[in-house]
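Reading the structure
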Amino acid sequence: GAVVSQHPSRVICKSGTSVKIECRSLDFQATTMFWYRQFPKQSLMLMATSNEGSKATYEQGVEKDKFLINHASLTLSTLTVTSAHPEDSSFYICSALRGRGRQETQYFGPGTRLLVL
Amino acid sequence: DAKTTQPTSMDCAEGRAANLPCNHSTISGNEYVYWYRQIHSQGPQYIIHGLKNNETNEMASLIITEDRKSSTLILPHATLRDTAVYYCIVRDQAGTALIFGKGTTLSVSS
């Protein structure tokens, strides 16, 4: 299947600092990418939809000024957690949309585990 | 609100077929059924998807009832590595994100 990578795989930062997470589609171009967050023992929660060359669309309750998303190319989307706090500690997962119509499929990255101290 | 209903958990013996059910009684005509699984601490893995016909690939088979109100994912010969949370998701519009429910935790034991 298609390959989506994320970097870093895990990060520990101090409260108040910013953290950038990269999501890359390695073998296909993705006009649309998505960012999810997953807390322990819970399911994935959609945070935002990222479209190449335009502003991201955020889900209700997700602060766009805190979670900055940039989708500057067809293979790269970044999520920056600004002024991180311990409650932002979570598993962040990106995905990229590949194909159209019947073949349209979402492929997920391996996730980034963020711990804010 | 979730568009699908899945059992919370299931057990399967290694080497046997694992049949995971999913109810999606409100599915509309242009909605696809997608199956993903998530192994602990990893991103979800795509398994298979279909519209109305049965589908098979190297990982699994997807059986969709004629009225499309339910489906079953079949792992023909379960292994210990198939232990994961399995998500059945109905997606309504092209280009939109998958919305995850709670899924079914499948435990495969020897």
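To keep things clear, this report deals only with the structure shown in the data block. All residue numbers refer to position in the chain's written sequence, counted from 1. A letter from A marks each chain and a number from 1 marks each ligand, given out in the order of writing. Reporting in this predicted model follows two pLDDT cut-offs: at least 70 for local features of residues, and 80 or more for side-chain atom pairs to be given and counted; totals over whole chains, interfaces and linings ignore these cut-offs and use all residues. Think of the side-chain values as coming from all heavy atoms in the structure, minus any hydrogens and water.

Describing the state of the cysteines
Put simply, the test is: Defined by distance alone, a disulfide is two cysteine sulfur atoms within 2.5 Å. Helical segments are the DSSP runs of H or I of at least four residues, strand segments are the runs of E of at least two, and each set is numbered from the N terminus. Categorising residues by exposure relies on relative accessible area from a 1.4 Å probe, with only protein chains included: less than 20% of the type maximum marks a residue as buried, more than 50% marks it as exposed, and the intermediate range marks it as partly exposed.
Under the defined criterion, the tally for this structure stands at 2 disulfides over all chains. Each sulfur in the disulfide pair C23 of chain A and C94 of chain A lies 2.0 Å from the other. Sign of the S-S torsion, about 80° for the bond between C23 of chain A and C94 of chain A, identifies this disulfide as right-handed. Pair noted here: C23 of chain A is in strand β3 (residues 19-25) and C94 of chain A is in strand β9 (residues 90-98), with a separation of 71 residues, a long-range link. Here C23 of chain A and C94 of chain A have matching classes, each one buried. The cysteine C13 of chain A is free of any disulfide, with C94 of chain A supplying the nearest cysteine sulfur at 18 Å. Counting only cysteine sulfurs, C22 of chain B is the nearest neighbor of C12 of chain B, a cysteine outside any disulfide, at a range of 18 Å. Taking relative accessible area as the criterion, C12 of chain B reaches 8% and is therefore assigned buried.

Section: the nonpolar core
In plain terms, the rule: For the purposes of this section, nonpolar cores are sets of buried Ala, Val, Leu, Ile, Met, Phe, Trp, Tyr and Cys residues that join through side-chain atoms within 4.5 Å.
Residues W35, Y36, F108 and L114 of chain A together with L98 and F100 of chain B are the most contacted members of the largest nonpolar core, which totals 44 residues. Examining the composition of this core, we find that 6 residues originate from one element, β9 of chain A, more than from any other. Of all hydrophobic cores here, the second largest spans 21 residues; its members include L75, A84, Y86 and V108 of chain B.

Thoughts on the interface of chain B and chain A
Selection criterion: Any pair of residues with heavy atoms lying within 4.5 Å of one another is described as a contacting pair. Put simply, buried area is how much 1.4 Å-probe accessible surface two parts lose in total, over both of them, once they are put together. Any Lys or Arg side-chain nitrogen found within 4 Å of a carboxyl oxygen on Asp or Glu counts as a salt bridge.
On the side of chain A, 21 residues touch chain B, which itself brings 21 residues to the contact. For the pairing of chain B and chain A, the buried interface totals around 1600 Å² over both sides, and the portion due to carbon and sulfur atoms is 51%. Considering only the surface of chain B that becomes buried against chain A, P44, A97 and F100 of chain B emerge as the three largest contributors, covering 24% of it. Scanning the region where chain B abuts chain A turns up 2 salt bridges.

A few points about the pairing of strand β7 (residues 70-75) of chain B
Regular strands have side chains that alternate between both faces of the sheet. All names here are of chain B. What counts, and what does not: By the convention used here, strands pair only if DSSP detects at least 2 bridges between them.
In terms of strand pairing, strand β2 (residues 18-23) meets β7 through 6 bridges, oriented antiparallel. Considered in β7, the bridge of P21 is made with T72. For strand β6 (residues 61-64) and β7, the ladder comprises 4 bridges, and the chain directions are antiparallel. Within the sheet, the bridge partner assigned to I64 lies in β7 and is S71.

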